[in-house]
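# Summary of structural features
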Amino acid sequence: MAAEAPPPSTEQHKLPSPEEFSEVQESAEFGELRRSYRSFAFPLTIAFIAWYLLYVLLSNYAGGFMGAKLFGNINVAFVFGVLQFVTTFLIAWWYSRHAAAKLDPKAEAIKTRMEGGA
């Protein structure tokens, strides 16, 4: 049995004017939200790209190292490849926690104020 979704809200929100959007964009609160996002996302993106490029470069130019058997038929290249997936999921999980703790409350406060709720 499928659960029914709640009916859509009939509550009308005030639509902000372009001037209000500009005001919010220039506010310290929005600047802090943007800084929180950038200070997390940019370094992590650069680190992941560097990790990925290391994997690609080692695969192309260090065949002996990447082909080294660790145990059974498992070699360094296979472990690094699996770690690429693990790293991707860890970053997504970490970002989700960061967004829920630091970004979402600030964004919700700005949204509520712009819609006339505060």
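Just so it is clear, the structure is predicted and the values come from calculations on it, not from any experiment. The written sequence of each chain sets the order in which its residues are numbered from 1. Reporting of local features is limited, given that this is a predicted model, to residues whose pLDDT is at least 70; pairs of side-chain atoms are given and counted only at 80 or more, and all residues count toward the totals for whole chains, interfaces and linings. Side-chain figures throughout are based on the complete set of non-hydrogen atoms in the structure, without hydrogens or water.

## A look at the pattern of salt bridges
Think of a salt bridge as a Lys or Arg side-chain nitrogen and an Asp or Glu carboxyl oxygen that are within 4 Å of each other. Counted according to the given criterion, the structure contains three salt bridges. Of the charged contacts, one joins E32 and R35 as a salt bridge, the two residues approaching to 3.5 Å between their closest N and O atoms. Note that E32 and R35 are positioned in helix 2 (residues 28-61) at a spacing of three residues, about one turn of the helix. Only protein chains enter the calculation, and the probe is 1.4 Å; a residue is then buried if its accessible area is under 20% of its type maximum, exposed if over 50%, and partly exposed in between. Its relative accessible area of 33% is what places E32 among the partly exposed residues. Residue K106 pairs with E32 through a salt bridge whose shortest N-O separation is 3.4 Å. Placement of K106 in helix 4 (residues 76-114) and of E32 in helix 2 is noted, with a sequence separation of 74 residues between them. Here the salt bridges do not stand alone but share partners, grouping E32, R35 and K106 into one network. Numbering goes from the N terminus for both helices and strands, where a helix is a DSSP run of H or I of at least four residues and a strand is a run of E of at least two.

## Observations concerning the packing of aromatic side chains
Stacked, tilted and edge-to-face are the three classes applied to pairs of Phe, Tyr and Trp rings, where Trp contributes its six-membered ring and a pair requires centres within 6.5 Å; stacked means planes under 30 degrees apart, edge-to-face means over 60, and tilted covers the rest. In total, this model carries five aromatic pairs according to the counting rule given. Ring geometry for F40 and W94: centres 5.2 Å apart, planes at 80°, overall edge-to-face. A residue pair is termed long-range when its members are at least 10 positions apart, and F40 in helix 2 and W94 in helix 4 qualify at 54 residues. Judged by its relative accessible area of 46%, W94 is partly exposed. Summarising the aromatic geometry, the rings of F40 and Y95 are spaced 5.8 Å apart at their centres and angled 45° between planes, so their arrangement reads as tilted. With F40 in helix 2 and Y95 in helix 4, this pair connects stretches of sequence that are 55 residues apart.

## Considering the side chain of S36
Mapped onto the fold, S36 is located in helix 2. Since its relative accessible area comes to 8%, S36 is described here as buried. Throughout this description, a polar contact denotes any pair of N or O atoms lying within 3.5 Å of each other; where both atoms belong to protein, one of them has to be capable of donating a hydrogen while the other can accept it, and for residues adjacent in sequence the pair is counted only when both atoms sit in side chains. For S36, the side chain forms a polar contact with the side chain of K106, separated by 3.0 Å. Once residues lying within four places of it in the same chain are set aside, the contact partners of S36 are H98, L103 and K106. Throughout, a residue-residue contact means that at least one pair of heavy atoms, one from each residue, lies within 4.5 Å.

## Let's talk about the packing of helix 2 against helix 4
In the contact formed by helix 2 and helix 4, the axes pass within 10 Å of each other and the chain directions differ by 175°. Taken together, the axis directions place helix 2 and helix 4 in an arrangement best described as roughly antiparallel. Residues are grouped as follows: Ala, Val, Leu, Ile, Met, Phe, Trp, Tyr, Cys and Pro are nonpolar; Asp, Glu, Lys and Arg are charged; all remaining types, including Gly, are polar. Within the contact of helix 2 with helix 4, the residues separate by chemical class into 20 nonpolar, six polar and four charged. Fitted lines through C-alpha atoms serve as axes, helices being fitted only where they are in contact, and the angles separating the N-to-C directions of these axes extend from 0 to 180 degrees. If an angle is under 35 degrees, it is roughly parallel; if it is over 145, roughly antiparallel; if it lies from 65 to 115, roughly perpendicular; otherwise it is oblique.

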